[in-house]
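# Summary of the model geometry
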Amino acid sequence: HQVQGQAELASIRSTLGALRMTAVQDDLRARVSGQGDRPVSAQSNPFELLQFRPGNYLGALDAAQSLTVRPGSWWFDPDCVCVVYAPLEPHWLVGASGAARLRFRVVQRAGPWELDALEPYVWQGQRVE
């Protein structure tokens, strides 16, 4: 079970890394074309920028729709402007609120948009950012 938890953490980090890399590429593309910073909005779904979306990506879901998602799924919450993940093995996740999901808000600062964890998350003793 420990190894399965490590594999899931690696998958979570990989997906977050792909989304963040896409943010940098999108920002560079916008700057080269003279568009500069574009504001983050409810339509700012980072998954839409990926060339290939993960097989466990469900699309944009509001809070009510997300109540019945299967474990191991990613989705975009346009109300929160967040990327959300429902773990396969939620017992490895420790968050301040006790939530069984990881939520990362899409925020705009100078440069590319970023994904900020809504609270500190720890998975098998390691921070998830």
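Our structure is the block above this text.
All of these numbers come straight from a predicted model, not from anything done at the bench.

Here we come to the overall build of the protein. Looking only at helices and strands, one finds one helix and eight strands in the protein. For the protein, the succession of helices and strands along the chain, N to C, is α-β-β-β-β-β-β-β-β. Compactness check: the protein gives a C-alpha radius of gyration of 15 Å against a globular reference of 14 Å for 129 residues, within 12% of the reference. Counting only C-alpha atoms, the protein reaches 50 × 30 × 30 Å along its principal axes. Here the protein holds 129 residues, and 40% of them are scored as buried. Considering only contacts in the protein between residues 6 or more positions apart, those separated by 24 or more positions represent 49%. Here the protein carries 12 positive and 13 negative side-chain charges, and the mean point of each set is 2 Å from the other.

Hydrogen bonds along the backbone pair up the strands of a sheet, which may run parallel or antiparallel. Read across the open sheet, the three strands follow the order E4-E7-E8; overall the sheet is antiparallel. With partners counted over all chains shown, the strands left at the sheet margins are strand E4 (93–95) and strand E8 (126–128), one partner each. The sheet shows a mean angle of 35° between the axes of neighbouring strands, taken without regard to direction. In this structure, strand E7 (residues 121–123) lies alongside E8, joined through three bridges in antiparallel fashion. Note that in E8 the partner of Tyr121 across the bridge is Val128. The strands touched by helix H1 (residues 2–32) are E7 and E8; relative to E8, the strand with the most contacts, the crossing angle is about 35°.

Quick look at the sheet that holds strand E3 (residues 82–86) now. The five strands are arranged E1-E2-E3-E5-E6 in an open sheet whose pairing can be described as mixed. Lying at the two open borders of the sheet, with one neighbouring strand each, are strand E1 (57–60) and strand E6 (114–117). In this sheet, adjacent strand axes meet at a mean angle of 20° when their direction is disregarded. With five bridges joining them, strand E2 (residues 73–77) and E3 adopt antiparallel strand pairing. Pairing of Phe76 across the sheet is with Val83, part of E3.

For soluble globular proteins, the rule of thumb is that nonpolar side chains tend to be buried together. Within the largest apolar cluster, 23 residues are counted, with the highest numbers of intra-cluster contacts made by Ile12, Trp74, Leu102, Leu115, Trp123 and Val128. At the level of secondary structure, the elements contributing two or more residues to this core comprise H1, E2, E3, strand E5 (102–107) and E7. The greatest single-element share of this core, amounting to five residues, is contributed by H1. What Trp123 contacts, discounting residues up to four positions off in sequence, is Gly5, Glu8, Leu9, Ile12, Pro87, Glu89, Trp92, Leu93, Leu102 and Val128. By size, the runner-up hydrophobic cluster in this structure holds seven residues, among which are Leu61, Trp75, Cys82 and Ala86.

Quick notes on the rules
Residues numbered from 1 in each chain as written. Predicted model: local features only at pLDDT ≥ 70, side-chain atom pairs only at ≥ 80, totals over all residues. Heavy atoms only, no water. Helix = DSSP H or I, 4+ residues; strand = E, 2+ residues; numbered from the N terminus. Rg over C-alpha atoms; globule rule 2.2 N^0.38 Å. Buried < 20%, exposed > 50% of the residue type's maximum accessible area, 1.4 Å probe, protein only. Contact = heavy atoms within 4.5 Å. Lys, Arg positive; Asp, Glu negative; His and termini not counted. Charge placed at Lys NZ, Arg CZ, Asp CG, Glu CD. Pairing = 2+ DSSP bridges. Axes fitted to C-alpha atoms, helices over the stretch in contact; angles between N-to-C directions. Core = buried A, V, L, I, M, F, W, Y, C linked by side-chain atoms within 4.5 Å.

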